[in-house]
Amino acid sequence: MRAPGAAEYVPTGADIADLRAAARACHGCDLYRHATQTVFGEGPASADVVMVGEQPGDHEDIDGHPFVGPAGRLLDRALAEAGIDRDRLYLTNVVKHFKFEERGKRRIHKQPGRTEIVACSPWFDAEIDAVRPQLVVCLGAVAAHAVLGPTFKITAERGETHTAERFSVIATVHPSAVLRAPDRTAAYADFVRDLRRVEAAIRGLRGNA
Ligand code: SF4
């Protein structure tokens, strides 16, 4: 039987703390079956910026927190270099459970499919409703497609500011793509360049606050 999606697990009008608690029991798709736990978003509930990635990775699945593995550490370094305070961001993922395949003792990341992305989207929608950010920063194609639509092209439009109905959006690559890049130095420099644009956008919106 097909899993029903997350909608029936999402409490209406809940704040972030209640959403996080409810998400622990989500069986809206099959990913909960093999993952360790739900990895919900974290950060100030009143953050003006939401940063969203694809899904938790191996470390995040075990620790229960977003962006704490190697990609998260790279993100931390790049944020610091761009002058962005991670503690003022609300950080989350489009999909809240780790999807992987086992190879020996290793768990290898598997990209979530459209069914899982759609099933999990009520959680991200609820996070946006609760936090009400002015800027959403998408890390990677899965996040960018979820926010900006399936025709969005990261390679062509990364670092540009887009205006959605309720907030502005800037998309860049996922930090794990920087780690996998053949020329990691150049990929990291491009990533920091995009984050500097994010920093300028944040300065603009806080100046206008
Ligand atoms: S991935 Fe999302 S929809 Fe699927 S079980 Fe986890 S929280 Fe629920």
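Above this text is the structure in question.
Let us look at the structure shown here. (Residues numbered from 1 in each chain as written. Predicted model: local features only at pLDDT ≥ 70, side-chain atom pairs only at ≥ 80, totals over all residues. Heavy atoms only, no water.)

### Quick word on helix 3 (residues 70-82)
Move 1: Given a rise of 1.5 Å per residue, 13 residues ought to cover 18 Å, and the 18 Å separating the end C-alpha atoms of helix 3 matches this to within 8%.
Move 2: Every buried residue of helix 3 is accounted for by Ala-71, Gly-72, Leu-74, Leu-75, Ala-78, Leu-79 and Ala-82. Across the axial projection of helix 3, the buried residues extend over an arc of 155°, all falling on one side. Summarising the geometry of helix 3, the exposed residues directed more than 90 degrees from the buried face are Arg-73 and Ala-80.
Move 3: Tucked into the core, helix 3 has its buried residues touching strand 1 (49-53), strand 2 (89-93), strand 5 (135-139), helix 7 (175-180) and helix 8 (184-207).
Move 4: Phi for Gly-83, located one or two positions after helix 3, is positive at around 80°. (Helix = DSSP H or I, 4+ residues; strand = E, 2+ residues; numbered from the N terminus. Expected span 1.5 Å × (residues − 1). Buried < 20%, exposed > 50% of the residue type's maximum accessible area, 1.4 Å probe, protein only. Arc of directions from axis to C-beta. Contact = heavy atoms within 4.5 Å.)

### Describing the pairing of strand 2
Move 1: In terms of burial, strand 2 is a largely internal element, five of the five residues being buried.
Move 2: Residues of strand 2 alternate between two faces, with Leu-89, Leu-91 and Asn-93 on one and Tyr-90 and Thr-92 on the opposite face, all of them buried.
Move 3: When strand 1 meets strand 2, the two strands line up parallel, connected through five bridges. Each residue of the ladder has a partner; that of Val-49, found in strand 2, is Leu-89. (Pairing = 2+ DSSP bridges.)

### Focus: the packing of helix 3 against helix 8
Move 1: The geometry of helix 3 relative to helix 8 is characterised by a closest axis approach of 9 Å and an angle of 55° between their N-to-C directions. If you check the angle between helix 3 and helix 8, you find them oblique. With respect to the hand of their crossing, helix 3 and helix 8 are arranged in right-handed fashion. Contacts between helix 3 and helix 8 involve Leu-74, Leu-75, Arg-77, Ala-78, Leu-79, Glu-81 and Ala-82 on the former and, on the latter, Tyr-188, Phe-191, Val-192, Leu-195, Arg-196 and Glu-199.
Move 2: Taken together, the residues that form the contact of helix 3 with helix 8 break down as nine nonpolar, no polar and four charged. (Axes fitted to C-alpha atoms, helices over the stretch in contact; angles between N-to-C directions. Parallel < 35°, antiparallel > 145°, perpendicular 65-115°, else oblique. Left-handed = near helix turned anticlockwise from the far one by under 90°. Nonpolar A, V, L, I, M, F, W, Y, C, P; charged D, E, K, R; others polar.)

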